[in-house]
Amino acid sequence: MMLEEDIAAICQGALREVAEDLASVHVSSCSGNWITGRLDFNGLPTEDVTFAVVELKPGRSFVGDVDAGPDFFRKVSWRLKSVNGRNDFRPSWIARGDSVVLEGPRWATERLHRSVVSVQNSSERS
């Protein structure tokens, strides 16, 4: 039989693994399908981003062109997962002050995490 501590550790590990694929953007402005805000990903310093949202069909929206943001943000195909915790949204409803959660593909975010850990480890040795 599993102990409560074991169950809690398994759940925390699963939550961390899911969170590794997610980024959030606190929206500071919107114009048409363009969003500007602060990107928060994987405990890295927040950065300014500006990107277009492309809606393929209701419920399937992606980050399109990226006008401003870090290199890793430009290299990953991000899907809009939720706005203010809701998954029943339309990109045209996004407004200043909203919180947008983006989901990257597992293979790409795993690479990003490995490169971040590698950079952190090398800077700690310096």
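Up top you'll find the structure we're talking about.
First things first, this report covers the structure right here in the doc. (Residues numbered from 1 in each chain as written. Predicted model: local features only at pLDDT ≥ 70, side-chain atom pairs only at ≥ 80, totals over all residues. Heavy atoms only, no water.)

**Section: the environment of Trp93**
Topologically, Trp93 is positioned in the loop between β5 (79-83) and β6 (99-103). Judged by relative accessible area, Trp93 falls into the exposed class, the value being 59%. With residues up to four places along the chain from it excluded, the contact list for Trp93 reads Asp88 and Asp98. (Helix = DSSP H or I, 4+ residues; strand = E, 2+ residues; numbered from the N terminus. Buried < 20%, exposed > 50% of the residue type's maximum accessible area, 1.4 Å probe, protein only. Contact = heavy atoms within 4.5 Å.)

**Here we look at the side chain of Ser61**
Considering the arrangement of structural elements, one finds Ser61 in strand β4 (residues 60-68). The class of Ser61 is buried, set by a relative accessible area of 3%. In contact with Ser61, not counting residues within four places along its chain, are Val53, Val54, Glu55, Arg79, Leu80 and Pro91.

**Points about the environment of Trp78**
Summarising the element assignment, Trp78 is placed in the loop between α2 (71-75) and β5. Residues Trp78 and Glu103, 25 residues apart in the sequence, show an inter-C-alpha distance of 5.4 Å.

**Quick look at unusual backbone geometry**
With the exception of glycine, the majority of residues adopt a negative phi angle, and the majority of peptide bonds are in the trans configuration. A positive phi is found at Asn84, a non-glycine position, where the angle reads about 55°. Along the chain, Asn84 turns up in the loop between β5 and β6. Given the relative accessible area of 45%, Asn84 is considered partly exposed.

**Side note on the nonpolar core**
Among the nonpolar cores identified, the biggest contains 21 residues, and Phe51, Val63, Phe73, Trp78, Leu80 and Leu102 are the most heavily contacted of them. Among the elements of the structure, β1 (22-31), β2 (34-41), β3 (47-57), β4, α2, β5 and β6 are those that each provide at least two residues to this core. Apart from the residues lying within four places of it in its own chain, the contact partners of Val63 are Phe51, Ala52, Phe73, Trp78, Leu80 and Leu102. (Core = buried A, V, L, I, M, F, W, Y, C linked by side-chain atoms within 4.5 Å.)

**Overview of the environment of Arg60**
Secondary-structure assignment places Arg60 in strand β4. A relative accessible area of 36% places Arg60 in the partly exposed class. Along the primary structure Arg60 and Arg90 are separated by 30 residues, whereas in three dimensions their C-alpha atoms are 9.3 Å apart. What Arg60 contacts, discounting residues up to four positions off in sequence, is Val54, Glu55 and Arg79.

Everything listed is a geometric property; what it means functionally is a separate question.
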